[in-house]
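# Architecture and fold: a report
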Amino acid sequence: MKLAASPPNNVSASLEFLLQEIPGLRTKWAGPRRLRVDLPAETLPALLELLKGRAGYVHLSAISCVDWPTQNEFELVYHLWSYELNVLVMAHIRIPRDPGVYLSVYDLYHPAAFFERDIHEMFGLYFEGSPDMGKFILTEWDGPPPMRKEFDSEAWVMNQFEWQDYRPDWLAEIEAKGGGITTRPQDIRKDGKP
Amino acid sequence: MSTLQSIPVVATKAEKPSGGTGNLLANVFDELTAFCRSRSLFMLHYCTGCGAIELPPAMTSRFDMERLGIQPMVTPRQADILLVTGYVSTKTLKRIILTYEQMNSPKYVIGICSCTVNGGMYWQSYATAKVLADYMPVDMYIAGCMPRPEAVISGLRELMANIRAGRSDNWRDYYRRYDHYLGNQQRLFGENWQTPTDVIGEARHYGQFGPETLGEHTALLERHQTPLLPFEMRLGLGGEKTGVENKGDKR
Ligand code: SF4
């Protein structure tokens, strides 16, 4: 099936009409088939239920998280897709960074368990009612949640790891045979610094 | 490798602790072993990173490693070369060490890609180990991001020449300096890190026990080590509970 570039007018209009039921919600078309929705955090479950029950939004394709350290907030984006309307809805909410707790939507969308567990691991955000908040991908990690903006990966790495010499003696042997580092950084960089 | 002295004699002498009677035929036999060894390499490619993408052309008809006597192998127990192709995350490193320790000696490790040398472009990543040689002895690095099949093959040929000349015996280093490698592993994985392989026992068995095999890190290992027990075999007879349960039953 080939989709038209933008949804028929009645689809976008009825979707916007439906969304008006949620108080404090703002919509913005980010593209012909991409609808951005900003809403207060406490109304998100109502929105999801509305979309799932009455507009065929059965697919939660991702939850993404953005850290806003200066505003002391986390932004959560729920990406939802309807196979009937063929319009992507991106629901943005903001929650305070401290204590960083939000509700799980696992009861509405089971795949949320994975996204929430992932966000918990990477940002330290806790989802109440999510079936498992244990370690997920970073099973060997016991440092701070690494995707938070204040986590300084470079400093952590410098502290944790050691490096080997880039020009060890045996390299001369290889260079004598015509191998080794053929293009040095200073050959490429304009300022000629190594 | 142009003079006779630089070929195998020195290294092969070290290989046999009991020898030293000046029997010339013994060296001939060792030389033959080294030749055969270098000509029949089974390679376990642990495809950790993007560098693995250059291996299929190197292995298949385009560049055809098999004409050099190098073949892919599916299990660590039957492989000679461990090919680590790319960045090594901390999580993967554990598995690589387990794999490496299961391989039979003599074994060779090749680090393909710049990422195995010094972290490559993942140098500031919190989740990747930087220097592969800190955790196991590496025989050959093939640097590049990613190295082309020609480079892979020339690296492998170099390794073959090294094996032939008896110069590539870094696997002994793992036994002789086990404390050093274990220390680096513990630093990354925590002090209760333990593998199911008894490396110290193997070092004794192979006659590779050295002054640096034991040290403070192996002492730490002994303190945290849970004894390795043989895997218990259970046969589910007469309606006894077996290890395997039907998942549907649980609810
Ligand atoms: S050196 Fe380059 S190609 Fe190889 S694993 Fe690293 S990033 Fe990937």
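Residues numbered from 1 in each chain as written. Chains lettered and ligands numbered in written order. Predicted model: local features only at pLDDT ≥ 70, side-chain atom pairs only at ≥ 80, totals over all residues. Heavy atoms only, no water.

### Here we look at the interface of chain A and chain B
Contacts between the two partners involve 22 residues from chain A, matched on the other side by 20 residues from chain B. Summing the contributions of chain A and of chain B, the shared interface buries around 1800 Å²; its carbon and sulfur component is 52%. A per-residue breakdown of the area chain A buries against chain B is headed by Glu140, Phe161 and Gln164 of chain A, which together make up 34% of the total. Inspection of the chain A/chain B interface yields two salt bridges. Residue lysine 94 of chain B is joined to glutamate 140 of chain A by a salt bridge in which the shortest nitrogen-to-oxygen separation is 2.8 Å. Put simply, chain A and chain B have nine residue pairs in polar contact (both at pLDDT 80 or more) between them. With seven residues, the top contributor of residues to the side of chain A that touches chain B is helix α4 (residues 153-160) of chain A. Residue classes in the side of chain A that touches chain B are distributed as 13 nonpolar, five polar and four charged. (Contact = heavy atoms within 4.5 Å. Buried area = accessible area lost by both parts, 1.4 Å probe. Salt bridge = Lys/Arg side-chain N within 4 Å of Asp/Glu carboxyl O. Polar contact = N/O pair within 3.5 Å; in protein donor to acceptor, adjacent residues only side chain to side chain. Helix = DSSP H or I, 4+ residues; strand = E, 2+ residues; numbered from the N terminus. Nonpolar A, V, L, I, M, F, W, Y, C, P; charged D, E, K, R; others polar.)

### Some details on the domain arrangement of chain A
Interface size is commonly expressed as the accessible surface area that is lost when the partners come together. Taken as a whole, chain A is organised into domain 1 (11-151) and domain 2 (152-194). Each of domain 1 of chain A and domain 2 of chain A has a C-alpha centre, and these two points are 43 Å apart. (Domains from an automatic or database assignment.)

### Quick word on the packing of aromatic side chains
By the definition in use, this model includes 16 aromatic pairs over all chains. With 6.0 Å between their ring centres and 85° between their planes, phenylalanine 74 of chain A and phenylalanine 123 of chain A make a pair best called edge-to-face. Separated by 49 residues along the polypeptide, phenylalanine 74 of chain A in strand β4 (residues 73-81) and phenylalanine 123 of chain A in helix α3 (residues 112-123) bring together distant segments of the chain. Each member of the pair, phenylalanine 74 of chain A together with phenylalanine 123 of chain A, is buried. Ring geometry for tryptophan 163 of chain A against tryptophan 123 of chain B: centres 6.4 Å apart, planes inclined by 65°, an arrangement best described as edge-to-face. One end of the pair, tryptophan 163 of chain A, is in the loop between α4 and α5 (169-176); the other, tryptophan 123 of chain B, is in the loop between α5 (115-118) and β6 (128-129), on a second chain. Among the residues examined, tryptophan 123 of chain B registers a relative accessible area of 32% and is labelled partly exposed. Feature note: the residues Trp141, Phe151, Trp156 and Phe161 of chain A together with Tyr126 of chain B constitute an aromatic cluster, connected by ring pairs. Above the plane of the ring of phenylalanine 189 of chain B lies lysine 94 of chain B, whose end atom (NZ or CZ) is 5.4 Å from the centre. Sitting over the face of the ring of phenylalanine 161 of chain A, lysine 130 of chain B holds its NZ or CZ atom 4.8 Å from the ring centroid. (Phe/Tyr/Trp six-rings, centres within 6.5 Å; stacked < 30°, edge-to-face > 60°. Buried < 20%, exposed > 50% of the residue type's maximum accessible area, 1.4 Å probe, protein only. Lys NZ or Arg CZ within 6 Å of the ring centre and 35° of its normal.)

### Things to note about unusual backbone geometry
Trans peptide bonds make up the majority, and among non-glycine residues the majority have a negative phi. Along the chain, serine 105 of chain B connects to proline 106 of chain B via a cis peptide bond; the corresponding omega equals -5°. Along the chain, cysteine 145 of chain B connects to methionine 146 of chain B via a cis peptide bond; the corresponding omega equals -5°. Mapped onto the secondary structure, methionine 146 of chain B falls in the loop between β7 (140-142) and α6 (149-164). Positive phi values are uncommon outside glycine, yet asparagine 72 of chain A reaches one of about 60°. Structurally, asparagine 72 of chain A can be placed in the loop between β3 (59-68) and β4. Classification of asparagine 72 of chain A by relative accessible area gives partly exposed; the value is 43%.

### A closer look at the site of the ligand
Taken together, Cys50, Gly51, Gly86, Tyr87, Cys113, Ser114, Cys115, Met121, Tyr122, Gly144, Cys145 and Met146 of chain B are the residues near the ligand. Residues of the shell around the ligand, tallied by class, amount to eight nonpolar, four polar and no charged. (Near = heavy atom within 4 Å.)

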